[in-house]
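Residue-level structural notes
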Amino acid sequence: MTVRKTERLLNLLIMLLVQRSYVSKDRIREILYPGSSDDAFEKMFERDKDELRSLGVPIEVGHIDAFFEDEPGYRVRPDEFALPEISLEADEASVIGLATKVWEHARLAEATTEAVRKLTALGLPLDVSALDIAEPRLSADEPSFDVFWEATQERHPVEFEYRRSGQSATTTRHLQPWGVVRYSGRWYVVGLDTDREDERVFRLSRVVGEARKVGEAGSYDVPPGTDVRATARRLAPAPTSERAVVLVRAGSGHVLRRNAESVESGVAGPDTRTAWDRVVVTRDHQGMADELLGHGADVFVEEPAALRDQVVERLRAVVEAAS
């Protein structure tokens, strides 16, 4: 799916979701499909509706005026689009809470904001609270993430400077990206290295400078049956384990406790608001800081010192960015 089509589908979803009444087809065409011919609009609109419905979006058709059989309109009712009430155990809720903190992506947030801005400028009555049920988040702070993600959608070759582990010099690489995945706490792009004519995986944090889309979009296909995540696990460096001793606030950190080597209750903690427990865990080295940061103020790292310093440094960066 191209980036332009993805944005159009997102705009259509938002438009139908935030309206308080049915939206006519003419209004949808005027705002989201300007300049299209009658035939082109009908084809695009039908395809877009079918695609949203295939993703589970309940597009409802009805009459704008309840007393007259006028032209039908369209809407998405938030109560039907939202997930039903789900009952979770404490440790399951902890996992979901961590996931919602992790998945944040500025590009999707910008797209949503821009769509709402355009609709508001046209004087349409909006219920923006409906967007709370579909808040997309994706943490992708690597500068090159957007380029590789877009190139994957567009089937667009990419050129970039890459620094391998333990080396100071960079090399120019050319890649036909198949997908971007998160593995062992890091973002990787998987694809065909056209210089070596073989599949390769590159860690995005080692891309130096700006990655550049080159050549033509749609100039290659992903090999049938490709499992991008499995390829990343096979080609990326094997994860290394790290042992950590952390203080966990009583009643929290259920995921840490579940697979802990040991748990010592009632120890002195960094504050006295609640009781604290000392928990010893072994985790993948690369993802350890991410997991601990997801617990916020409910976890304090005792050792190793390098891990504690890493967590403190990232917390300071967040505070500085917010100030």
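Residues numbered from 1 in each chain as written. Predicted model: local features only at pLDDT ≥ 70, side-chain atom pairs only at ≥ 80, totals over all residues. Heavy atoms only, no water.

Notes on the sheet that holds strand β4 (residues 158-162)
Our working rule: What makes two strands pair is DSSP finding at least two bridges between them. By the criteria applied, helices consist of DSSP H or I runs no shorter than four residues and strands consist of E runs no shorter than two, each listed in order from the N terminus. All axes here are fitted lines through C-alpha atoms, helices being fitted over the stretch that makes contact, and every angle between N-to-C directions spans 0 to 180 degrees. Contact definition: two residues touch when any of their heavy atoms are within 4.5 Å.
The strand order across the open sheet built from 5 strands is β7-β6-β5-β4-β8, with neighbouring strands paired in antiparallel fashion. In the strand order of this sheet, the two ends are held by β7 (198-203) and β8 (207-213), each with one partner. Each neighbouring strand pair of the sheet contributes to a mean axis angle of 40°, computed without reference to strand direction. Where strand β6 (residues 186-193) lies against β7, 6 bridges are found, and the strand directions are antiparallel. By the bridge assignment for β7, Y188 is matched with R203. Across the sheet, helix α7 (residues 145-154) is in contact with β4, β5 (171-183), β6 and β8; its angle to β5 comes to roughly 85°. Lying over the sheet, helix α8 (residues 228-235) contacts β5, β6 and β7, oriented at roughly 115° with respect to β5.

Description of the confidence of the model for the protein chain
Do not read the fine detail of predicted coordinates wherever pLDDT is low. Our working definition: Along the chain, pLDDT gives the predictor's confidence residue by residue, from 0 to 100.
Residues at a pLDDT of 70 or more form 75% of the protein chain, whose mean pLDDT is 78. Here helix α5 (residues 90-102) stands out as the least confident element of the protein chain, with mean pLDDT 45; β4 is the most confident, with 96. A low-confidence stretch, residues 93-111 stays under pLDDT 50, and its non-local contacts, those more than four residues away or across chains, total 32 contacts. Scored below 50 in pLDDT, residues 128-139 makes 31 contacts in the model with residues more than four places away or belonging to other chains.

Thoughts on the sheet that holds strand β1 (residues 23-24)
Strand pairing within a sheet occurs via backbone hydrogen bonds; the two strands may be parallel or antiparallel. Taken in spatial order, the 3 strands of this open sheet run β1-β3-β2, and their pairing is antiparallel. A single partner strand is all that each edge strand has here, and the edge strands are β1 and β2 (59-63). Two strands pair when backbone bridges link them, and β1 and strand β3 (residues 72-76) are joined in this way by 2 bridges, in the antiparallel orientation. By the bridge assignment for β3, S24 is matched with G73.

As for helix α3 (residues 38-54)
What counts, and what does not: Multiplying one less than the number of residues by 1.5 Å gives the expected span of a helix.
With 17 residues, α3 ought to run about 24 Å at 1.5 Å a step, and its terminal C-alpha atoms sit 24 Å apart, in line with that. Just beyond α3, the residue with positive phi is G56, at close to 95°.

Looking at the packing of aromatic side chains
To keep it simple, the criterion reads: What counts as a ring pair is set by centres within 6.5 Å for rings of Phe, Tyr and Trp (its six-membered ring), and what kind of pair is set by the plane angle: stacked under 30 degrees, edge-to-face over 60, tilted for all other angles.
Per the stated rule, a full pass over the model turns up 9 aromatic pairs. Ring geometry for F160 and F202: centres 5.2 Å apart, planes at 80°, overall edge-to-face. Placement of the pair is F160 in strand β4 and F202 in strand β7, with a sequence separation of 42 residues. Ring centres 4.9 Å apart and planes at 80° place the aromatic pair Y162 and F202 in the edge-to-face group.

A word on the pattern of salt bridges
Note the cut-off: A carboxyl oxygen of Asp or Glu within 4 Å of a side-chain nitrogen of Lys or Arg is what we treat as a salt bridge.
Under the counting rule described, the total for this entry stands at 22 salt bridges. For R27, the salt bridge goes to E30, with nearest N and O atoms at 3.0 Å. Remark: E30 and R27 occur in helix α2 (residues 25-32); sequence separation between them is 3 residues, near one turn of the helix. Across the pair E150 and K213 runs a salt bridge, and its minimum N-O distance is 3.2 Å. One end of the pair, E150, is in helix α7; the other, K213, is in strand β8, and 63 residues separate them in sequence. Connected via shared salt-bridge partners are R249, D271, R273 and D298.

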